[in-house]
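Overview (structure and organization)
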Amino acid sequence: TSIRYDGWRIVAVCFLLATFGWAFGFYGQSVYVAELQRLHGWPASLISSGTTLFYLSGAALVVYVSEAIKGFGPRNCMIAGICTMAVAAIAIGQVREPWQLYLANAVLAFGWAGTSLGMITNTLGLWFDKKRGMAISLALNGASFGGIIGVPLLVAAIGHFGFPGGMTAAAMVMVVVMIPVILLFVGRPPVHASASAVEAADAPSPTQIRARAFRDIGFLSVSAAFALVLFAQVGFIVHLISFLDSVIGRQQAAIAVALLTAMAVVGRVLFSFVIDRMNQRLASAVSFVSQAVALLVVINVHHDYALIAACALFGFSVGNLITLPALIVQREFDPRSFGVLVSLITAINQITYAFGPAALGLLRDPSGSYTLPFYGCI
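What comes next concerns the included structure. Only a predicted model underlies this, so the values are computations on that prediction, with no experimental measurement involved.

1. Details of the pattern of salt bridges
Enumeration according to the criterion identifies five salt bridges in this entry. Across the pair arginine 9 and aspartate 6 runs a salt bridge, and its minimum N-O distance is 2.3 Å. Of this pair, arginine 9 and aspartate 6 are both found in helix α1 (residues 6-26), three residues apart, which corresponds to roughly one turn of the helix. The salt bridge involving arginine 210 is made with glutamate 67; its shortest N-O contact spans 3.3 Å. Here the residue arginine 210 occupies a position in helix α10 (residues 206-213), and glutamate 67 occupies one in helix α4 (residues 65-72), the gap between them amounting to 143 residues.

See the structure below:
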């Protein structure tokens, strides 16, 4: 509870880690698609298939983040993630052939595994127990900042230096900022974490934990629900500008998306103060319903202010739906299984939502509008 507790410095490091991780990994993909289309004239389907490879490779790797942290420590894993992401970013800027893009995205997946949700939740779990929900919520606001601040700066760098130069400059900034911060502030976890490690000597192996999880209705209900919701959420957000552009115009669409992102930060911060004391399954269900209501408004009310308000309502839950699965796992399962189960549920979610944008596109093309895919999301 003390502001001087080392764990709060780890939260700040994870905030920065999320900012760079999501700027280069999650949000950066839209920048890469646009730039590579402009430079090489490649079909969008060819470039976006590289994005799908990135998501699926990252999902396969994030399963083992918990074991990597136990084996090498959070500091070394973070540094490896940053360095790998920097190499991949520079490589994407130098792409000349499609196979080089696929290779660069495969390398980027290693960086994403070392800078995204699995790494952050597992690392904060070493410093926090009762305040874990608050710590994770505050740290993951860096993900939103990666979209709000990181992407515009990346675009500006590309505009000034060109695509190869801009990607190299951005990667160097990430390395110069993050490596000293990690070396300075990320030390050994507190004594209670070490004690837990000793107690966990007779704990089941990660393989046994994963096998048991797939036979546990509690785990299956959480992983299935959040995988489906994130499938719908990511698909909706990716197609949102295309939908709004034809309804209220590009300028108003940009305002709606910016407000959605800002409300994700507001929702995450407000929830962080109460999320550890809430019925987290009930909070999740209410969040699902609020997004369904927002989608109903988006489909049926084509008025500027109503659409912008619906995007704000949808955005209020966006951040919390990333945080809640880890907190439910913490509350309902053996503490010794936390890292392995969080990594597993993160991988399941990522594999599922990787297909969200493509699935909504496939539903939209034959129907000629977004009504059918958005009702499918509801």
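2. Regarding helix α7 (residues 117-127)
In terms of burial, α7 is largely enclosed, as 10 of its 11 residues are buried. The complete set of buried residues in α7 reads Leu117, Gly118, Met119, Ile120, Thr121, Asn122, Thr123, Leu124, Gly125 and Trp127.

3. Considering the state of the cysteines
Considering all chains together, one arrives at zero disulfides under this definition. Of all cysteine sulfurs, the one in cysteine 77 lies closest to cysteine 14, which takes part in no disulfide; the gap is 12 Å. Given the relative accessible area of 0%, cysteine 14 is considered buried. There is no disulfide at cysteine 83, and the cysteine sulfur nearest it, in cysteine 77, is 12 Å away.

Cut-offs and rules
- Starting from 1, residues in each chain are numbered consecutively following that chain's sequence as written.
- Only residues with pLDDT of at least 70 get local features here, since the model is predicted, and only at 80 or more are side-chain atom pairs given and counted; chain-wide, interface and lining totals rely on the full set of residues.
- Heavy atoms throughout the structure, all of them, feed into the side-chain values; hydrogens and water do not.
- Salt bridges are defined as contacts in which a side-chain nitrogen from Lys or Arg sits within 4 Å of a carboxyl oxygen from Asp or Glu.
- Each helix corresponds to a stretch of at least 4 residues labelled H or I by DSSP, and each strand to a stretch of at least 2 residues labelled E; elements are numbered beginning at the N terminus.
- With a 1.4 Å probe rolled over the protein chains alone, any residue whose accessible area is under 20% of its type maximum counts as buried; one over 50% counts as exposed, and the rest are partly exposed.
- Our working definition of a disulfide is a cysteine sulfur pair at a distance within 2.5 Å.

Such coordinate-based values are descriptive only and should not be taken to indicate function.
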